[in-house]
Amino acid sequence: MSAPSVLIAGCGDIGGRLARQLLAERWQVHGLRRTVSSLPTGVIGVAGDLFSEQCPVDWPIGPLDYLVYSAAATDHDEAGYRTAYVEGLQHVLGWLKQHGQRPKRLLFVSSSSVYGQQQGEWVDETSPTVAGGYSGRLMLEAEQIALDSGIPASRVRLTGIYGPGREWLLSQVRQGYRVVIDPPLYANRIHADDAAGLLAFLLEADRQGQVLDDCYIGVDDAPAPLAEVVGWLREYMGVTEWAEDASVRRAGSKRCSNARAKALGWTPRYPSFREGYAAILEGRC
């Protein structure tokens, strides 16, 4: 039986972590990014630009079993998001068509920004998507392109990704970061390894014939008030000073549920921020 093949379009941090997990399971992994020298060892490099209509010269030849679209916006404005998520996906789907390739499934890496809930509500895959900002609106537009692609598609809406190299909050806490306590501002998080792990789990589940839904939320088991996260980090890192100008005043929050993914059999390695941040601070991930 030949190894399953996957193209990770936008093989950056999460894509690279996914690639390493799949390679360990003997998948054939193609990784598309501008600088293929940055790909993990063992990944077949596809040097290309998702933002260009020009198909990469070394586009894979032959069948591709799976496609994971995991782009990142270069410019964090409306035009940048449209280029990365809407137009980039359209380019990749066009390149597949040019080569007569039809993967068994497309995983589109999306964001919980599609949810506009602001009052601490629990949110799942069936909750209304009324995005308040351009990022959520454009993610919804790109999700619809994936669903209309003619390829069976699942959207994976990741929440706040943290991990090595994504340590803004740790830096802020060291500087005395202060956040509002009441009303609680719920924060939804997923460790970068778990974000990649969920994608790998869904690919393997599909390969083994399990029926996938068209949407999953990627989040840990325990959305928590931001003040609780900050308080725990302060104690863990021994921070005793408050910065006078580091207070945050913002309204609205939501709590995302991972019940659908867990019902399929997925389990996060880091079920809450405590396990995840401890692993980062102790250099275990």
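Details of the structure are given in the entry above.
Residues numbered from 1 in each chain as written. Predicted model: local features only at pLDDT ≥ 70, side-chain atom pairs only at ≥ 80, totals over all residues. Heavy atoms only, no water.

## So, the overall build of the protein chain
The following threshold applies: Think of it this way: any DSSP run of H or I at least four residues long counts as a helix, any run of E at least two long counts as a strand, and we number them from the N terminus. Only the C-alpha atoms count toward the radius of gyration. The rule for a globule is 2.2 Å times the residue count to the power 0.38. Accessible area is worked out with a 1.4 Å probe on protein chains only. A residue is then buried under 20% of its type maximum, exposed over 50%, and partly exposed in between.
Scanning the protein chain from N- to C-terminus turns up eight helices and 15 strands. Over its C-alpha atoms the protein chain spans a radius of gyration of 19 Å, differing by no more than 12% from the 19 Å that the globule rule assigns to 285 residues. Overall size of the protein chain, expressed as C-alpha extent along the three principal axes, is 60 × 40 × 35 Å. A burial count over the protein chain gives 53% of its 285 residues as buried.

## A few points about helix H5 (residues 192-207)
Residues that lie three or four places apart on an α-helix share one face, since the helix turns once every 3.6 residues. What counts here: Here the expected span of a helix is defined as 1.5 Å times the quantity of residues minus one.
The terminal C-alpha atoms of H5, which comprises 16 residues, lie 23 Å apart, in line with the 22 Å expected from a rise of 1.5 Å per residue. Of all 16 residues in H5, 14 are buried; the element is thus mostly enclosed. Gly209 occupies a position one or two residues after H5 and carries a positive phi of about 95 degrees.

## Quick notes on the sheet that holds strand E5 (residues 105-111)
Here is the rule: At least two bridges found by DSSP between two strands is the condition for calling them paired. A fitted line through C-alpha atoms represents every axis, and for helices the fit uses only the stretch in contact; the resulting angles, taken between N-to-C directions, go from 0 to 180 degrees. Contacts: residue pairs with any heavy atoms within 4.5 Å of one another.
Strand order in the open sheet made by the seven strands is E3-E2-E1-E4-E5-E7-E12, with parallel pairing throughout. Two strands bound the open sheet, and with one partner strand each, they are strand E3 (44-47) and strand E12 (215-218). Between one strand axis and the next, the sheet turns through 20 degrees on average, direction left out of account. Pairing of strand E2 (residues 28-33) with E3 involves four bridges; the strand directions are parallel. By the bridge assignment, Gly31 is partnered in E3 with Gly45. Lying on the sheet, helix H2 (residues 78-98) is in contact with strand E1 (5-9), E2, strand E4 (66-69) and E5; it crosses E4 at an angle near 160 degrees. Strands in contact with helix H3 (residues 134-147) are E5 and strand E7 (153-158); relative to E5, the strand with the most contacts, it is inclined by about 175 degrees.

## Some thoughts on the nonpolar core
To keep things clear, this is the line we draw: Residues grouped as a nonpolar core are buried Ala, Val, Leu, Ile, Met, Phe, Trp, Tyr and Cys residues, joined through side-chain atoms within 4.5 Å.
Formed by 36 residues in total, the largest nonpolar core has its most connected members in Leu50, Trp59, Tyr69, Tyr85, Val92 and Phe108. Only E1, E4, H2, E5 and H3 provide two or more residues apiece to this core. The element contributing the most residues to this core is H2, with nine residues. Setting aside residues no more than four positions away along its own chain, Leu50 makes contact with Ala9, Gly10, Leu32, Tyr69, Ala71, Gly88, His91, Val92 and Trp95. Leu18, Ala19, Ala195 and Leu199 belong to the second largest nonpolar core, which has 32 residues in total.

## Some remarks on helix H8 (residues 273-281)
Turning to H8, its buried residues are Phe273, Gly276, Tyr277, Ala278, Ala279 and Ile280. Where H8 is buried, its residues contact strand E8 (160-162), helix H4 (168-174), strand E11 (189-191), strand E13 (224-225) and helix H6 (226-237). Once H8 ends, the next one or two residues include Gly283, with phi positive near 70 degrees.

## Considerations on the packing of aromatic side chains
Our working rule: Whether two aromatic rings pair depends on their centres lying within 6.5 Å, for rings of Phe, Tyr and Trp, where Trp uses its six-membered ring; planes under 30 degrees apart make the pair stacked, over 60 edge-to-face, and the rest tilted. Whether a charge lies above a ring is judged from NZ of Lys or CZ of Arg, which has to be within 6 Å of the ring centre and within 35 degrees of the ring normal.
Throughout the structure, instances matching the rule amount to nine aromatic pairs. Plain terms: the ring middles of Trp232 and Phe273 are 5.7 Å apart, the flat faces sit at 80 degrees to each other, and that makes the pair edge-to-face. Taken together, the residues span a long stretch of sequence, with Trp232 in helix H6 and Phe273 in helix H8 at a distance of 41 residues. By the burial criterion, Trp232 is buried, and Phe273 matches it. Lying across the ring of Trp242, Arg234 places its NZ or CZ 3.6 Å from the centre.

## Some words on the pairing of E12
Working note: regular strand, side chains alternate between the two faces of the sheet. Burial of E12 is two-sided: the residues Cys215 and Ile217 facing one way and the residues Tyr216 and Gly218 facing the other way are all buried. In terms of strand pairing, E7 meets E12 through four bridges, oriented parallel. Note on E12: the bridge partner recorded for Arg157 is Ile217.

## Description of the pairing of E7
Extensive coverage of E7 is indicated by the burial of six of its six residues. The two faces of E7 match: Ala153, Arg155 and Arg157 on one face and Ser154, Val156 and Leu158 on the other face are all buried. Of the pairings in the sheet, the one linking E5 to E7 comprises six bridges and is parallel in character. Bridge pairing in E7 places Ser110 opposite Arg157.

## Points about the layout of surface pockets
The method is simple in principle: a probe with the dimensions of a water molecule rolls over the atoms, and the space it marks as empty is what remains. Definition in use: Definitions used for this entry: grid spacing 1 Å over protein atoms alone; cavity, a set of points where a 1.4 Å probe fits but cannot get out; pocket, an open set with protein on both sides within 12 Å along at least 5 of 7 lines; lining residue, one with an atom within 4 Å of a point. Grid points are joined across faces, edges and corners, and a volume is the space filled by probe spheres set on the points. Polar here means any residue other than Ala, Val, Leu, Ile, Met, Phe, Trp, Tyr, Cys and Pro, which are nonpolar, and Asp, Glu, Lys and Arg, which are charged; Gly is therefore polar.
The space that makes up the largest pocket amounts to roughly 1300 Å³. When residues of the lining of the largest pocket are traced back to their parent elements, those giving at least two are helix H1 (13-24), E2, H2, E5, H3, E8, H4 and strand E10 (186-187). Size it by volume and the second largest pocket reaches roughly 150 Å³. Taken together, 10 residues form the lining of the second largest pocket, with Arg178, Val179, Ile181, Ala227 and Trp242 sitting closest to its centre. Broken down by secondary-structure element, the contributors of at least two residues to the lining of the second largest pocket are strand E9 (178-179) and H6. A per-element tally of the lining of the second largest pocket places H6 first, with four residues. Taken together, the residues of the lining of the second largest pocket sort by class into six nonpolar, one polar and three charged.

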